[in-house]
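Per-entry structural report
Here are the chains, one letter per residue:
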Amino acid sequence: MNELTKAEEQVMKYVWKLEKAFLKDIVEQFPEPKPAYTTISTVVRVLVRKEFLKFETYGKIRQYYATISKESYFKTHMKGVIGNFFSGSPSKFALFFTNNEDLDLTELEKMKVLIESKIQQLKEKNG
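Here goes a summary of the coordinates provided. Computed from a prediction, not measured in an experiment: that's the story for all the values here. (Residues numbered from 1 in each chain as written. Predicted model: local features only at pLDDT ≥ 70, side-chain atom pairs only at ≥ 80, totals over all residues. Heavy atoms only, no water.)

Further remarks concern the sheet that holds strand β2 (residues 53–58). Spatial strand order, β1-β3-β2: three strands in an open sheet with antiparallel pairing. Two strands in the sheet have a free side with no partner beyond their single neighbour: β1 (20–22) and β2. Neighbour-to-neighbour, the strand axes of this sheet turn through a mean angle of 30 degrees, independent of strand direction. Inspection of the sheet shows β1 paired to strand β3 (residues 61–66) by three bridges, in the antiparallel sense. (Pairing = 2+ DSSP bridges. Helix = DSSP H or I, 4+ residues; strand = E, 2+ residues; numbered from the N terminus. Axes fitted to C-alpha atoms, helices over the stretch in contact; angles between N-to-C directions.)

Now for the pairing of β3. Across six bridges, β2 lies against β3 in antiparallel orientation. Bridging across to β3, L53 finds its partner in A66. What sits between the antiparallel neighbours β2 and β3 is a turn of two residues, in which G59 has the positive phi angle 65 degrees.

Further remarks concern helix α1 (residues 6–18). Under the 1.5 Å per step criterion, the end-to-end length of α1 is 19 Å for 13 residues, consistent within 8% with the ideal 18 Å. Turning to α1, the residues buried within the fold contact β1, α2 (23–29), α3 (37–49), β2, β3 and α4 (70–85). Just past α1, the residue E19 takes up positive phi, approximately 75 degrees. (Expected span 1.5 Å × (residues − 1). Contact = heavy atoms within 4.5 Å.)

With the rule as written, the count across this model stands at seven aromatic pairs. When the ring of Y14 is compared with that of F30, the centres are 4.8 Å apart and the planes differ by 75 degrees; the resulting orientation is edge-to-face. Taken together, the positions of Y14 in helix α1 and F30 in the loop between α2 and α3 put the pair 16 residues apart, joining distant regions of the chain. Each of the two residues, Y14 as well as F30, counts as buried. Considering the side-chain rings of F52 and Y73, the 5.9 Å spacing of their centres and the 80 degrees angle between planes classify their relative orientation as edge-to-face. (Phe/Tyr/Trp six-rings, centres within 6.5 Å; stacked < 30°, edge-to-face > 60°. Buried < 20%, exposed > 50% of the residue type's maximum accessible area, 1.4 Å probe, protein only.)

Pasting the structure below:
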């Protein structure tokens, strides 16, 4: 799967939020000062070429929709990050967060609860 540039990721974020969108709808999502309509149009054309977006045509206008869910893209993207920066080890990836000074006790406790919940689910599944 191709990686998204920052501009492409921003457009995809709005398309995922809207589910189906005309170009004007996507442009309206951007905060002020909004990028030029033609700039967004170019990014959308690239996303269609990369097959992240498809469209339905209504006369002369197109309504765009994502071909991949936000969750699927993120999962694939994170696998790449873990593979490239953490030697393919999810444990090393998690350790990175535990060593991050920006995480406070509350955030670490939340992560612990989520991990313990997932462990319990897997134990019940494999029971």
